[in-house]
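Here is how the chains run, residue by residue.
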Amino acid sequence: MTIPKDLLDALMKDDKNPEDLIGETGLLKQLTKQLLERAMQAEITDHLGYEKNAPSNNKTGNARNGSYQKKVKGEFGNLDITVPRDRDSSFEPVILPKGQSRFTGFDDKIIALYARGMTTRDIQAHLEEMYGVDISPTLVSQVTKAVQEEIILWQNRPLDEVWPIVYLDAIRVKVRQDSRVINKAVYLAVGVNMDGLKEVLGIWTAETEGAKFWLQVVTELKNRGVKDIFVACVDGLKGFPEAIETVFPETQVQLCIVHMVRHSLNYVSWKQRKEVAADLKAIYSAPTVEEAEYHLELFEEKWNGSHPTIGKSWRNNWERITPLFSYPPDIRKAIYTTNAIESVNMSLRKVTKNRGSFPNDESMFKLLYLALQNISKKWTMPIHHWRSALNQFSIMFEGRMPLL
């Protein structure tokens, strides 16, 4: 329904001050109150079957029985509403159901603030300042608790059978457990589907990050419908590749080159870092595996005397580093680093930094899930040059590509 412009002009004719429009006693609040009350009067008339003060034709003998006051919270602040009632208490307002003291949009506002990392106390202060609404921290917890069932459904949802790329990584989050605060590992899996779009496949938690738990994670992915992963991009955790290959034996495991470089530079002084980084780049940016190995040999000749650990580390992981040389540039850009998931981790750290620790795992999962929903809203475009990369995958993994 469109409100006539003439009516709006008449209502706002003398209201030039914003407070007169949206303030505590402003026009918007008055209109909201009157509309709600008139709607409920219309509802009770429909419920009883006759207009107010009209002779009753209701054989049940039910009739209007005065009213009661109800305080409602919303973005307009607190609002005192007069709710009509009937004699046998069978009237249930649809527009403002019994037991509801907040508009749905108000709950959404609380959840949105929580998802951005605000604590319950912060949300309480924010709503008081912005809307003049006084709520308790307990109310915030109750509103966000409703998300818990949604999390369970999301974490157990069926997944696509084939994922060209899956990134696996973990972050640390402080959680209270057994009267002490510990650094828990939160495991994340982000997949790239056949359309080139990223999707968070799930989140898991354990006290420590280890290959044994990663084995549980990839097993769960398989149980939820994943039959094949072409390339799994991981960091250098010992036993990680073997855990993946146990469940998906045909998957190529690609170690994150960025992790390898960072690990290598930990052994180098600031003065030499630029030179060492340039020599390492010559290895992983080589066009072929043969040329990459040639540059690794040059690196070892130059640096093994002063930094033998670096060359040894690249040699030990060479089997997991070299898969990227089998791919054209379009695919290499997508798999040589786990930055796709590290950017997610960075966003999660932003929303968790306001908390010294979480009181329990449920509270932690609640915030991480809501934050991930916000993050994933930005994933509207496929990976750059995805069509070209998909054509390459269809050639390299012939027989494993799903029929489109």
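To start, this report covers the structure provided alongside it. (Residues numbered from 1 in each chain as written. Predicted model: local features only at pLDDT ≥ 70, side-chain atom pairs only at ≥ 80, totals over all residues. Heavy atoms only, no water.)

A separate point is the pattern of salt bridges. Scanning all chains against the criterion turns up 11 salt bridges. The shortest N-O distance in the salt bridge between Lys-302 and Glu-275 comes to 2.8 Å. Separated by 27 residues along the polypeptide, Lys-302 in helix H12 (residues 289-303) and Glu-275 in helix H11 (residues 270-284) bring together distant segments of the chain. Relative accessible area serves as the criterion here: at 44%, Lys-302 is assigned to the partly exposed category. The closest approach of N and O atoms between Arg-315 and Glu-293, which form a salt bridge, is 3.3 Å. Taken together, the positions of Arg-315 in helix H13 (residues 308-316) and Glu-293 in helix H12 put the pair 22 residues apart, joining distant regions of the chain. (Salt bridge = Lys/Arg side-chain N within 4 Å of Asp/Glu carboxyl O. Helix = DSSP H or I, 4+ residues; strand = E, 2+ residues; numbered from the N terminus. Buried < 20%, exposed > 50% of the residue type's maximum accessible area, 1.4 Å probe, protein only.)

Time to look at the packing of H11 against H12. Closest axis-to-axis distance for the H11/H12 pair is 7 Å, and the angle between their directions is 155°. Between H11 and H12, the crossing angle belongs to the class labelled roughly antiparallel. Facing Gln-272, Glu-275, Val-276, Asp-279, Leu-280, Ala-282 and Ile-283 of H11, the residues of H12 in contact are Ala-292, His-295, Leu-296, Phe-299, Lys-302 and Trp-303. Classifying every residue of the contact of H11 with H12 gives 8 nonpolar, 2 polar and 3 charged. (Axes fitted to C-alpha atoms, helices over the stretch in contact; angles between N-to-C directions. Parallel < 35°, antiparallel > 145°, perpendicular 65-115°, else oblique. Contact = heavy atoms within 4.5 Å. Nonpolar A, V, L, I, M, F, W, Y, C, P; charged D, E, K, R; others polar.)

Per the stated rule, a full pass over the model turns up 0 disulfides. Here Cys-233 stays unpaired: no disulfide links it, and the sulfur of Cys-256, its closest cysteine neighbor, is 8.0 Å away. Given the relative accessible area of 0%, Cys-233 is considered buried. Relative accessible area serves as the criterion here: at 1%, Cys-256 is assigned to the buried category. (Disulfide = S-S within 2.5 Å.)

Next up on the list: the pairing of strand S5 (residues 198-206). In terms of residue burial, S5 counts as a mostly covered element, since 7 of its 9 residues are buried. Alignment of strand S4 (residues 180-192) against S5, held across 8 bridges, turns out to be antiparallel. Bridging from a neighbouring strand, Gly-191 pairs with Glu-199 of S5. Two successive antiparallel strands, S4 and S5, enclose a turn made up of 5 residues, where Gly-196 displays a positive phi of approximately 80°. (Pairing = 2+ DSSP bridges.)

Okay, a positive patch on the surface next. Together, Arg-116, Lys-350, Lys-353, Lys-377 and Lys-378 line one region of the surface with positive charge. When you line up the elements, Lys-350 lands in helix H16 (residues 339-352). Judged by relative accessible area, Lys-350 falls into the exposed class, the value being 52%. (Patch = residues over 30% accessible without salt bridge, like charges linked within 9 Å, V, L, I, M, F, W, Y side chains within 5 Å. Areas by Shrake-Rupley, 256 points an atom, 1.4 Å probe, with all protein chains shown as cover. Lys, Arg positive; Asp, Glu negative; His and termini not counted. Charge placed at Lys NZ, Arg CZ, Asp CG, Glu CD.)

Moving on, we get to the nonpolar core. Counting residues in each nonpolar core, the largest one holds 96 residues, and the members touching the most others are Trp-314 and Phe-393. It is strand S3 (residues 162-177) that provides the largest number of residues to this core, a total of 10 residues. Phe-393 has contacts with Pro-164, Ile-165, Phe-230, Val-231, Tyr-327, Ile-331, Trp-386, Glu-398 and Met-401, leaving out every residue within four places of it along the chain. (Core = buried A, V, L, I, M, F, W, Y, C linked by side-chain atoms within 4.5 Å.)

Let's shift gears to the environment of Tyr-50. Assignment of secondary structure puts Tyr-50 in the loop between helix H3 (27-48) and strand S1 (64-74). In this structure the C-alpha to C-alpha distance between Tyr-50 and Ala-63, which are 13 residues apart in sequence, comes to 9.2 Å.

Okay, unusual backbone geometry next. Non-glycine residue Ser-89 carries a positive phi angle of around 55°. By the element assignment, Ser-89 lies in the loop between strand S2 (77-86) and helix H4 (104-115). Even without a glycine there, the phi angle at Ser-179 is positive, about 65°. Among the structural elements, Ser-179 can be located in the loop between S3 and S4.

Inspection of every chain in the model, using the stated rule, returns 9 aromatic pairs. Geometrically, the ring pair formed by Phe-230 and Phe-393 is tilted, given 5.7 Å between the ring centres and 45° between the ring planes. With Phe-230 in strand S6 (residues 228-234) and Phe-393 in helix H18 (residues 386-396), this pair connects stretches of sequence that are 163 residues apart. Take Phe-230 and Phe-393: they sit in the same class, and that class is buried. Taking the centre distance of 6.1 Å and the plane angle of 55° together, the rings of Trp-386 and Phe-393 count as tilted. No difference in accessibility class separates Trp-386 from Phe-393, as the two residues are buried. Joined through ring pairs, the aromatic side chains of Phe-230, Tyr-327, Trp-386, Phe-393 and Phe-397 make up one cluster. The ring of Trp-270 has Arg-273 lying over it, and the distance from NZ or CZ to the ring centre is 4.3 Å. (Phe/Tyr/Trp six-rings, centres within 6.5 Å; stacked < 30°, edge-to-face > 60°. Lys NZ or Arg CZ within 6 Å of the ring centre and 35° of its normal.)

Moving on to the environment of Glu-207. Relative to the elements of secondary structure, Glu-207 occurs in the loop between S5 and helix H8 (211-223). With 24 residues separating them along the chain, Glu-207 and Asn-183 place their C-alpha atoms 7.0 Å apart. Ignoring sequence-local partners within four residues, the contact set of Glu-207 consists of Arg-172, Gln-177, Arg-180, Ile-182, Asn-183, Lys-184 and Ala-185. At 2.8 Å, the side chain of Glu-207 forms a polar contact with the side chain of Gln-177. (Polar contact = N/O pair within 3.5 Å; in protein donor to acceptor, adjacent residues only side chain to side chain.)

By themselves these figures say nothing about function.
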